[in-house]
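Residues per chain are reported as follows:
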Amino acid sequence: MRNGTMTENTFPVYKVDAIVTFFRTEVLTGQEAKHFTKNDLAPSPKPDAVQRLYMRILQLLYRFKPECHYMVPFSENIQHPQLHEWPTAVMSVYLRMRQFLRMCYVYDFSLNDLLAPKVKRTVTILSGIMNYLHFRKQRLDMTMGHQERFREDMDKLQAYSRGTKDAQKKMDKLTTIPPEQQAEARELDSALSDLQTNTMHQYQEVNAINENIAEWKTEMAEKAQKLTQLKVDVATLKENIGKLKSQIVESPEEMKIQMEKMKENVKNIKLAIETADERLVGLQSNVQGVTHSEADIQLIFKLLQDLQSSMNKTQQHQEEAQALVCVYEAQQKELKNHGVEEGQLKRSLGMKMDKESKQHIRRQKKKEIKDQYIEDVLGQCDNVHQKREQIADQIQERDRDSQHLRSQMTNLRDTCSQETEKAQDLFDRLLAALDHFHKRIQNHVVEGNNDIVKMTANF
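Residues numbered from 1 in each chain as written. Predicted model: local features only at pLDDT ≥ 70, side-chain atom pairs only at ≥ 80, totals over all residues. Heavy atoms only, no water.

Attention now goes to the pattern of salt bridges. One pass over the full model with this rule turns up seven salt bridges. Here Glu26 and Lys137 are joined by a salt bridge, their closest N and O atoms 3.7 Å apart. You can see Glu26 sitting in helix α1 (residues 16-26) and its partner Lys137 sitting in helix α7 (residues 119-175), a full 111 residues away along the chain. Among the ionic pairs, Glu447 bridges to Arg102, the shortest N-O distance being 3.0 Å. Here the residue Glu447 occupies a position in helix α10 (residues 356-458), and Arg102 occupies one in the loop between α5 (85-100) and α6 (112-115), the gap between them amounting to 345 residues. Glu447 gets classed as partly exposed once you look at its relative accessible area, which sits at 31%. (Salt bridge = Lys/Arg side-chain N within 4 Å of Asp/Glu carboxyl O. Helix = DSSP H or I, 4+ residues; strand = E, 2+ residues; numbered from the N terminus. Buried < 20%, exposed > 50% of the residue type's maximum accessible area, 1.4 Å probe, protein only.)

Turning our attention to a positive patch on the surface. Taken together, Arg162, Lys165, Lys169, Lys170 and Lys173 make up a surface patch of like positive charges. Relative to the assigned elements, Lys170 resides in helix α7. (Patch = residues over 30% accessible without salt bridge, like charges linked within 9 Å, V, L, I, M, F, W, Y side chains within 5 Å. Areas by Shrake-Rupley, 256 points an atom, 1.4 Å probe, with all protein chains shown as cover. Lys, Arg positive; Asp, Glu negative; His and termini not counted. Charge placed at Lys NZ, Arg CZ, Asp CG, Glu CD.)

This part is about the packing of α1 against α7. One can describe the packing of α1 onto α7 by two numbers: an axis separation of 11 Å at closest approach and a directional angle of 50°. In terms of axis orientation, α1 runs oblique to α7. Both α1 and α7 take part in a crossing whose hand is left-handed. Across the interface between the two elements, Val16, Ala18, Ile19, Phe22, Phe23 and Glu26 from α1 touch Val123, Leu126, Ser127, Ile129, Met130, Leu133, His134 and Lys137 from α7. The class makeup of the residues in the contact of α1 with α7 is 10 nonpolar, two polar and two charged. (Axes fitted to C-alpha atoms, helices over the stretch in contact; angles between N-to-C directions. Parallel < 35°, antiparallel > 145°, perpendicular 65-115°, else oblique. Left-handed = near helix turned anticlockwise from the far one by under 90°. Contact = heavy atoms within 4.5 Å. Nonpolar A, V, L, I, M, F, W, Y, C, P; charged D, E, K, R; others polar.)

The next thing to look at is α1. Listing the buried residues of α1 in full gives Val16, Ile19, Val20, Phe22 and Phe23. The buried residues of α1 occupy an angular sector of 165° when projected down its axis, which confines them to one face. On its buried side, α1 packs onto α3 (47-62) and α7. (Arc of directions from axis to C-beta.)

This brings us to the side chain of Asp40. Tracing the backbone shows Asp40 in the loop between α2 (30-35) and α3. A polar atom in the side chain of Asp40 sits 3.2 Å from the backbone nitrogen of Thr37. (Polar contact = N/O pair within 3.5 Å; in protein donor to acceptor, adjacent residues only side chain to side chain.)

If a residue is not glycine, its phi is most likely negative; likewise, a peptide bond is most likely trans. A cis geometry characterises the amide bond from Ala42 onward to Pro43, with omega recorded as 0°. Locating Pro43 in the fold gives a position in the loop between α2 and α3. At Tyr105, a position not held by glycine, the phi torsion is positive, near 65°. On the secondary structure map, Tyr105 appears in the loop between α5 and α6. Given a relative accessible area of 39%, Tyr105 falls into the partly exposed group.

Moving on, we come to the packing of aromatic side chains. All told, the structure shown has six aromatic pairs when counted by the stated rule. Between the aromatic rings of Phe22 and Phe23, the centroid separation amounts to 5.4 Å while the plane-to-plane angle is 80°, which identifies the pairing as edge-to-face. The residues Phe22 and Phe23 share a single accessibility class, namely buried. Aromatic side chains Tyr54 and Phe109 sit 6.0 Å apart centroid to centroid with 75° between the ring planes, which places their arrangement in the edge-to-face category. Of the two residues, Tyr54 sits in helix α3 while Phe109 sits in the loop between α5 and α6, which places them 55 residues apart along the sequence. The exposure classification of Tyr54 matches that of Phe109, with both residues buried. (Phe/Tyr/Trp six-rings, centres within 6.5 Å; stacked < 30°, edge-to-face > 60°.)

The subject of this paragraph is a negative patch on the surface. A cluster of acidic side chains, namely Glu389, Asp393, Glu397, Asp399 and Asp401, defines a negative patch on the protein surface. Tracing the backbone shows Asp393 in helix α10. Taking the relative accessible area as the measure of exposure, Asp393 reaches 42% and is therefore partly exposed.

Turning our attention to the confidence of the model for the chain. With 86% of its residues at a pLDDT of 70 or more, the chain shows a mean pLDDT of 78. Looking at the elements of the chain, mean pLDDT is at its lowest for helix α4 (residues 66-69), recorded as 69, and at its highest for α1, recorded as 89. The model gives residues 1-7 a pLDDT under 50, and that stretch makes 13 contacts with residues more than four places away or in other chains. (pLDDT = per-residue confidence, 0-100.)

Quick look at the layout of surface pockets now. One number sums up the size of the largest pocket: a volume of about 1400 Å³. Tyr132, Phe135, Arg139, Phe437 and Arg440 are the residues nearest the centre of the largest pocket, which is lined by 41 residues in total. Elements with a contribution of two residues or more to the lining of the largest pocket: α3, α7 and α10. Here the residues of the lining of the largest pocket sort into 23 nonpolar, nine polar and nine charged. What lines the second largest pocket is a set of 30 residues, and nearest its centre among them are Glu184, Ala185, Glu187, Leu188 and Ala392. For the lining of the second largest pocket, the secondary structure elements donating two or more residues are α7, α8 (182-247), α9 (252-347) and α10. Classifying every residue of the lining of the second largest pocket by side-chain character gives 12 nonpolar, nine polar and nine charged. (1 Å grid on protein atoms, 1.4 Å probe; cavity = no way out; pocket = protein on both sides within 12 Å on 5 of 7 lines; lining within 4 Å. Points joined across faces, edges and corners; volume = space filled by probe spheres on them.)

Okay, here's the thing in structure tokens:
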């Protein structure tokens, strides 16, 4: 409500004690806060204290220091500029307070409020300023909270981006096959492709057999329909025979001829029924053969799968056998070397009969070492087989982890996009509020400068 009087206010009027405590804690500092008391406002306000308080309010709001009020903005041609120092400070405070108090909904501020202030007017003016400062503090707290939230959101966004980068690196590590296992992976891919081609050929054969079975079933259904039609025809013929027997009375020759024809028709129908029965039996046997063939095909498919698994096992056994053969050849070479040594020892038996027992003990030790070496080689082969199984399990686990990480990455990207949208909205709102606030400040500064120019012209 914009009114020109102080009788109707849009803000509460506080008591003097509350005003003094508020300005001592929120506006004044140091010795000024200590010396500012209730006596400066009531029962008769002191002009110096009121002017000093207004200067500190302007300094708090617009960073306009009290020293700037005493600067004389006149040219060098004016006479006695020291005489203008005191009215300049008063007029500067007056103009700036007049501009500022419009935001506090106080529109009738005058020079008497600075030079000869009254209790009621100063209390209402200070209560309006106090209300505006409360509102300003609240809004500053809200903006600080928005800024803190924006910083937290930016930190979260950076953390999420780091997490996505780490997850991408982990996914790259999990998806890339190490060079040591690439050969095995290629062999497994080739084996899988072969299995897929074999299964596709088998499925095609099974589909062809199923199509043949469907054709046979349709033929059987058609033949069954024909049989039912023939049965219906036989029944109709029997009915016609009964009717003809009731009608025939005078001509026995015609009756004989018709009877012969009917007998021939009956014989033909019986022959057709017999042939149809034979065909049914043949088709049933064919259907049974097809079902048996389907069962055989399924057994063959299972046997092929078993053969594939057995072939894989035999390949593994062959590899192990090749490793053992290599070990056996190495051992044979060692045995040949030992045979050469034995020949040399036999040659030297005549001269070294005393050392025969020691050499026999050494040979036994060597044989034990050989047996132990063979057992170690077999144990290493078993360990290699176990390690291959463990590596396959690890690959499956890594695939699962990669899928889980991909789902987490999608969730994190969605949350990051939502958080960034919220932060962008908050940032846009803050920028709009700050632009509006700066425009208002610029308007007030322009109005103050205009008032100063007018005052200087009047002076």
